[in-house]
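Descriptive analysis of the structure
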Amino acid sequence: MLSVVPSPVTVRAPSKVNLHLAVGDLRDDGYHELRTVFHALSLSDEVSVARADTLSLRVRGADAAAVPTDAGNLAWRAAALLAERAGRAPEVAITIDKGIPVAGGMAGGSTDAAATLVALDALWGLGLTRDDLDEFAAELGSDVPFCLHGGTAIGTGRGERLVPVLSRGTFHWVLALAKGGLSTPVVFRELDRLRAEGSPPRVGGLDSLLQALAAGDPHALAPLLGNDLQAAALSLEPALRRTLRAGVEAGALAGIVSGSGPTCAFLCADAAAAVTVSAELAGAGVCRTVRVASGPVPGARVVDNSHH
Ligand code: ATP
């Protein structure tokens, strides 16, 4: 049997929501100390890599125009980094099918970088270890290691130090995608500003949240969801308050701003409730578009095309 890896290789790249995001002090290196619980969601991008004469990148999907197609793209940087470390030329054509909102607080760029590492490891037959991949991921960005791992995990440091969290069953979510995006550094700066002039709410401890995840109980989990960046995102985009309210009025158990926003994530009691909430929210005119998703899902993985 021939063991030639078919080209292209396609990798599914999950998005994430932070179930808990505690933003600590500003460090000397300009990053904030974080304690977060990442949760990988089924809303995803697909990243394909094919052998080519030169490095190229194209992006397809509704948001494609907002995504850089050069070294400004994290997937491009992932390919360049891996090629350099593997001592080969980055001769590959990358195609990203964008399902994740751009600048939406759902780690879209980070997950494309994670997916590119996984895809090129397979295409080039590098046989990288988990540790190798983790190291390259952490070099590319704070959220990239989680996008490799998937599932549900506690992240500390800049979010790159991960410990898996025990979680039972599947949680059902509705995502309200906003018209524009929010820049993550701008949202952190807004939080610093709010903290300098007052005391915006801070999330509490993690123990009960971890228990609710282990029990697989969305009703217990809902009131424990929390995000220190939410006050800053709402300060920059006051209309998101209306979006959050509309989701809960539509029957969601709770709604939070995802990461740095502006996407809002609504936890629902079950799959049927998520469909109902998504339909109502879509009709309420409080967001650009609505998606149903579930989690936790695995991290960036090669898609098996052998049955197609
Ligand atoms: P995070 O949740 O990790 O803070 P985000 O989901 O808010 O990130 P991204 O979608 O990753 O934000 O995009 C942030 C910016 O990064 C975009 O405005 C875009 O210019 C740039 N970018 C670079 N690579 C990508 C990519 N592969 N997909 C989307 N945006 C990218």
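What comes next is a walk through the structure. It should be emphasised that the depicted structure is a prediction, and the values quoted were computed from it without experimental measurement.

1. Considerations on the sheet that holds strand β9 (residues 254-257)
Adjacent strands of a sheet form backbone hydrogen bonds with each other and so pair up, either parallel or antiparallel. Within the open sheet, the four strands sit side by side as β9-β10-β7-β11. Their pairing is antiparallel. The outermost strands of the open sheet, each flanked by one partner alone, are β9 and β11 (289-295). Neighbour-to-neighbour, the strand axes of this sheet turn through a mean angle of 25°, independent of strand direction. Sheet analysis places β9 next to strand β10 (residues 264-268), joined by four bridges and oriented antiparallel. Paired with Ile256 across the strands is Ala265, a residue of β10. Sitting on the sheet, helix α10 (residues 271-283) touches β7 (171-177), β10 and β11, and the angle it makes with β7 is about 10°.

2. Observations concerning helix α2 (residues 108-123)
Within an α-helix, residues lying three or four positions from one another point in the same direction, as the helix has 3.6 residues per turn. Between the first and last C-alpha of α2 there are 22 Å, a value that for 16 residues agrees with the 22 Å anticipated at 1.5 Å per step. Across the 16 residues that make up α2, a large majority, 14, are buried.

3. Brief notes about helix α3 (residues 130-140)
Within the sequence span of α3, burial applies to Leu133, Phe136, Ala137 and Leu140. Down the axis of α3, the sector holding all buried residues measures 105°, keeping them to one side. Considering only its buried residues, α3 is in contact with α1 (74-86), α2 and α4 (144-149).

4. Observations concerning the site of the ligand
For the ligand, the set of nearby residues contains 22 residues, the closest of which are Ala103, Gly105, Gly109, Asp112 and Thr184. Contact distances for the ligand include 2.7 Å between an oxygen atom and a backbone N or O atom of Gly109. A distance of 2.7 Å separates an oxygen atom of the ligand from a polar side-chain atom of Thr184. No other element matches the four residues that α2 contributes to the shell around the ligand. Broken down by class, the residue content of the shell around the ligand amounts to nine nonpolar, nine polar and four charged.

About the cut-offs
Residues numbered from 1 in each chain as written. Predicted model: local features only at pLDDT ≥ 70, side-chain atom pairs only at ≥ 80, totals over all residues. Heavy atoms only, no water. Pairing = 2+ DSSP bridges. Helix = DSSP H or I, 4+ residues; strand = E, 2+ residues; numbered from the N terminus. Axes fitted to C-alpha atoms, helices over the stretch in contact; angles between N-to-C directions. Contact = heavy atoms within 4.5 Å. Expected span 1.5 Å × (residues − 1). Buried < 20%, exposed > 50% of the residue type's maximum accessible area, 1.4 Å probe, protein only. Arc of directions from axis to C-beta. Near = heavy atom within 4 Å. Polar contact = N/O pair within 3.5 Å; in protein donor to acceptor, adjacent residues only side chain to side chain. Nonpolar A, V, L, I, M, F, W, Y, C, P; charged D, E, K, R; others polar.

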